[in-house]
Amino acid sequence: MSLYRSGCLCRALDRTSRKMQEAKQGFYTIGSSGHEGMAAVAAALRPTDMAFLHYRDAAFQIHRASQVPGQSVTWDMLLSFACSADDPISGGRHKVLGSKTLNIPPQTSTIASHIPKAVGAAYSIGLARRHPPEHKALEDSGIVMCSFGDASCNHSTAQGAFNAAQWTDYQSVPLPLLFVCEDNGIGISTRTPKGWIAATFSTRPGLKYFACDGLDIFDTYRVARDAANYVRTCRKPAFLHIRTIRLYGHAGADVPTTYLSRDDVEAEEANDPLLHTVRLLAEAGAATPSESLGIYSETAERVDRIAAEVVTRPRLSTAGEVMASLIPPPRACKPTNGPGIEDRARIFGSDLKAMNEPQTMSRLINWTLTDLMLDHGEIVLMGEDVGRKGGVYGVTQKLIARFGASRVIDTLLDEQSILGLGIGLAHNGFVPIPEIQFLAYLHNAEDQLRGEAATLPFFSDGQYTNPMVLRIAGLGYQKGFGGHFHNDNSVAVLRDIPGLILACPSNGADAAMMLRECVRLAREEQRLVVFLEPIALYHTRDLHEPGDKGWMTAYPDRSQRVALGEVGIYGDGDDLAILTFGNGAYLSHQAKQELEQAGIATRVIDLRWLSPLPEEAIEKAVSGCRHVLIVDETRRTGGLAESLMALMSERTAIPPVRLCAEDSFIATGPSYAATMPSAEAIVAAARALTGASA
Ligand SMILES: Cc1ncc(C[n+]2csc(CCOP(=O)(O)OP(=O)(O)O)c2C)c(N)n1
Ligand SMILES: [Mg+2]
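What counts and how
- Positions within a chain are numbered from 1, following the residues in the order the chain's sequence is written.
- To read the labels, note that chains go from A and ligands from 1, taken in the order they are written.
- Confidence filtering applies because this is a predicted model: local features only for residues at pLDDT of at least 70, side-chain atom pairs given and counted only at 80 or more, and all residues used for totals across whole chains, interfaces and linings.
- Side-chain measures here rest on the full set of heavy atoms in the structure, leaving out hydrogens and waters.
- Put simply, DSSP marks the helices as runs of H or I at least four residues long and the strands as runs of E at least two long, and each gets a number from the N terminus on.
- Throughout, the radius of gyration refers to the C-alpha atoms, and the reference size of a globule is 2.2 Å times the residue count to the power 0.38.
- Working rule for contacts: check all heavy atoms of both residues, and any pair within 4.5 Å makes them a contact.
- Reported accessibility uses the Shrake-Rupley method at a 1.4 Å probe radius. Residues are deemed covered only where the shown protein chains occlude them.
- Only strands that DSSP links by at least two bridges are regarded as paired with each other.
- Comment: axis = line fitted to C-alpha atoms, over the contacting stretch for helices; angle = value between 0 and 180 degrees taken between N-to-C directions.
- In this listing, donors mean N, O and S atoms no farther than 2.8 Å from the metal, or 3.2 Å for Na, K and Ca; water is missing from the atoms, so a site can look incomplete.
- We call a residue buried when its accessible area falls under 20% of the maximum for its residue type, exposed when it is over 50%, and partly exposed in between, using a 1.4 Å probe and counting protein chains only.
- Contacts described as polar in this section are N or O atom pairs within 3.5 Å, which, within protein, must combine one atom able to donate a hydrogen with one able to accept it, while residues neighboring in sequence count only if both atoms come from side chains.
- Expected helix span is given by 1.5 Å per residue-to-residue step, counting one fewer step than there are residues.
- For the handedness criterion, the strands are oriented away from the viewer, and a crossover whose path from the first strand over the helix to the second runs clockwise is classed as right-handed.
- Near residues are defined by distance, with any heavy atom within 4 Å of the molecule or strand qualifying the residue.
- Classification used: nonpolar for Ala, Val, Leu, Ile, Met, Phe, Trp, Tyr, Cys and Pro, charged for Asp, Glu, Lys and Arg, polar for all others including Gly.

Draft legend 1. Summary view of the overall build of the chain. From N to C terminus, the chain includes 26 helices and 19 strands. Here the C-alpha atoms of the chain give a radius of gyration of 28 Å, agreeing with the 26 Å that 2.2 N^0.38 yields for 694 residues. When contacts within the chain are restricted to residue pairs at least 6 apart in sequence, those whose partners lie at least 24 apart make up 79%. Here the chain has roughly 26,200 Å² of accessible surface; of this, 53% comes from carbon and sulfur atoms.

Dropping the structure here:
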């Protein structure tokens, strides 16, 4: 009976949302009608099982709310339809399902992009048993549920996630994950071939297949319970294929008769799951049809009454109000005294002695990661070849021996799965440090940052977060190796993501001190951070001459950090300020020596933080200088220099000049640096700018 009530409420909300839209009081009407059977799936799960829901799962949320005391689900959902600032999940930013108390993180509209993180969240449950994080959110005996439509199954993101789940299970790694495919036979207007879902999912290794009829709540409940029990007891993934229908078209403005025959539409309507439930209840002697009709009508009236009140609630109006949740709130973390002396001696061994000697950036990043992992048990590394091999460039060498394969995870070869694993682990209190092997390979997974990780605090009103520090090896100048794909010199794709912090160190000491700050930002402030490591500087030792060790630095004391927004200023010359970062900082240091010999008093300003730009610190750093030269290894179009030029003209009276990379991809072999700034070009540009003779 309670399943029927949930179904009636779900239907009433759909109908009311359309009335609200007509009255211009509601703004988005993707509905759940025909998918009411999902209430029975909710009934088969525990309200503590995290659920990553398909947009048609209002019935699931409604039924889950009935399992938890003190919920006002009708009121809450209507607030979301009305985009009211009181909407408890998104604060008026979106019409979205979700609830913090019900363990339903809100999802984006991007098809399938929530599935990789569901795999990650399921993986986190087993990991948290062994390494419980301070902010653990999921129960040891919990499972994760993730639902989606039939057409969504074809998306490469979905396929990658299913494969990652199977690959994990195939190795007997626990993965308590229930996939639920709601098969209404269509995606907007495109039919799913008859039998396709069963044909492709019923025989997959590592993914047990269950099927039920979502039009029959008894069957759905029974099969969903079997599937959930299997997942919970065996800690293995399962695929629940539930037959549904879609009523009222795809969404508000969709008219299905433009692409379906009237007969087809009417046949669906005759198969209404609520009507089936009324019949089943009558057959079981639980309620007469007229009693059921009474519940349906009362529910509809109640929803309309509440809607009339909800639309009077305030909405967001200013940019400030909308943006208030772009940056997640800080969270309280237990203070630590840092790793103990014995632990460090045991873990570092002979490396401890080498810490007073100047070292390369690669080594200092490795030591920093080691100290951070010793200090914070919730840090987990993951990526392609980060474990046994220690990374393509050796940056993560020995970490697997120091911390074990459960904290230094060699993942399968799929960037979306790597980022999904990170996001999912963060849902359960871990501080993930995923690695993308090369910047060029971020792009096929970029939506996991742009569409998923960065937006989650925004449209959950800061209630759900996925802090992480994503390490990416990138930028150009690798002598004779790789060409474009290993020397990607564009960061445009990262710089316009609201709320994302992009850090780029140019030397080992900065890398250590910035990485500590990045982990602090993720752990304590729940920020999404990208740490871009210039590959060409990983092993760079010398600055001016072979053997001078001018680019090696000692390991900074563990208490030292470079705060977010703090720039590096080298020299106090007032003829010229060079604004730069990464490899450009290295080249500018080379140029600086020559320029000073030529009598041009120069300071080099290393930006360190590429997004958001440390505007005030930059303005202060260039003040008193007659000229500004921007040295930017990213491309002229869309590169960093564009923002720096704008910043200079908006905030200073100094007309800047820029030296940037050409709008080109990078070549391999002898011409590897031909399209990018060189030390000679910096010297020439500086001389021309300051009027110094050659
Ligand atoms: C990546 C992406 N591409 C396209 C869309 C547009 N879109 C929204 S829903 C949808 C169809 C989904 O069909 P299905 O997975 O069967 O779910 P249903 O709506 O039938 O429940 C499409 C193509 C989208 N939201 N995301
Ligand atoms: Mg569908």
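Draft legend 2. Quick peek at the sheet that holds strand S15 (residues 576-580). Taken in spatial order, the 5 strands line up as S14-S16-S15-S18-S19 in an open sheet, and their pairing is mixed. Only two strands of the sheet have a single partner each, and these edge strands are strand S14 (568-570) and strand S19 (656-661). Strand-to-strand twist in this sheet, taken as the mean axis angle between neighbours without regard to direction, amounts to 20°. Relative to strand S18 (residues 627-635), S15 runs parallel, the two being bridged by 4 bridges. In the sheet register, Ile578 faces S18, and the bridge partner there is Leu629. Set on the sheet, helix H23 (residues 582-597) makes contact with S14, S15, strand S16 (602-606) and S18; between it and S16 the angle comes to about 175°.

Draft legend 3. View of the sheet that holds strand S2 (residues 144-149). Pairing is parallel across the open sheet formed by 5 strands, whose spatial order is S1-S2-S3-S7-S6. In this open sheet, the two strands that pair with only one neighbour each are strand S1 (51-52) and strand S6 (208-213). Two strands pair when backbone bridges link them, and S2 and strand S3 (residues 177-183) are joined in this way by 6 bridges, in the parallel orientation. Its bridge partner being in S3, Cys146 is matched across the sheet by Phe179. Strand contacts of helix H5 (residues 115-130): S1, S2 and S3, with the helix running at about 165° to S2, the strand carrying the most contacts.

Draft legend 4. View of the coordination of the magnesium ion (ligand 2). Only Asp150 (OD), Asn184 (OD1) and Ile186 (O) from the protein coordinate the magnesium ion (ligand 2), and they sit 2.0 to 2.1 Å from it. Every donor residue of the magnesium ion (ligand 2) comes from the same chain, spaced as D-x33-N-x1-I. Here Asn184 lies in the loop between S3 and strand S4 (186-187) and Asp150 lies in the loop between S2 and helix H6 (156-170), a separation of 34 residues in the sequence. For Asp150, a relative accessible area of 1% corresponds to the buried category. We classify Asn184 as buried; its relative accessible area is 9%.

Draft legend 5. Main features of the side chain of Gln526. Turning to its location among the elements, Gln526 is positioned in the loop between helix H21 (508-525) and strand S13 (528-534). You can call Gln526 buried: its relative accessible area is 11%. Within the local environment of Gln526, its side chain forms a polar contact with the side chain of Thr465, the two groups lying 2.5 Å apart. With sequence-adjacent residues up to four places away left out, Gln526 is seen in contact with Pro328, Pro329, Pro330, Arg331, Thr465, Pro467 and Leu521.

Draft legend 6. Here's a closer look at H23. The terminal C-alpha atoms of H23 lie 24 Å apart, and with 16 residues this matches the ideal 22 Å at 1.5 Å per residue to within 8%. Restricting attention to buried positions, one finds in H23 the residues Gly582, Asn583, Gly584, Ala585, Tyr586, Leu587, Ser588, His589, Ala591, Lys592 and Leu595. Positive backbone phi, approximately 85°, marks Gly599, located one or two places after H23.

Draft legend 7. Quick peek at the pairing of S6. Pairing analysis gives 6 bridges linking S6 to strand S7 (residues 238-243), with the strands arranged parallel. Across the sheet, residue Cys212 finds its bridge partner in S7, namely Ile242. What joins S6 to S7 is helix H8 (residues 217-234), and the crossover it makes is right-handed.

Draft legend 8. Local environment of the site of ligand 1. Looking at ligand 1, there are 16 residues lining it, with His54, Tyr55, Ser109, Asp150 and Ser152 nearest. Between ligand 1 and Asp150 there is a distance of 2.8 Å, counted from an oxygen atom to a side-chain nitrogen or oxygen. Take Ile186: an N or O atom from its main chain is 2.8 Å from an oxygen atom of ligand 1. The protein chains hide 73% of the 580 Å² of surface that ligand 1 would expose on its own. Residue composition of the shell around ligand 1, grouped by class: 5 nonpolar, 9 polar and 2 charged.

Draft legend 9. A look at the pairing of S13. The buried fraction of S13 is high, at 7 of 7 residues. Because side chains alternate across S13, one face comprises the buried residues Leu528, Val530, Leu532 and Pro534, and the other comprises Val529, Phe531 and Glu533, equally buried. Pairing analysis gives 7 bridges linking strand S11 (residues 468-474) to S13, with the strands arranged parallel. Paired with Arg471 across the strands is Phe531, a residue of S13. Across 3 bridges, strand S12 (residues 501-503) lies against S13 in parallel orientation. Along S13, the bridge assignment pairs Leu502 with Val530.

Draft legend 10. A look at the environment of Gly160. Note on placement: Gly160 falls in helix H6. Under the relative-accessibility criterion, Gly160 is labelled buried at 15%. Separated by 398 residues in sequence, Gly160 and Arg558 place their C-alpha atoms 39 Å apart. Not counting chain neighbours up to four residues away, the residues in contact with Gly160 comprise Asp414 and Ser417.

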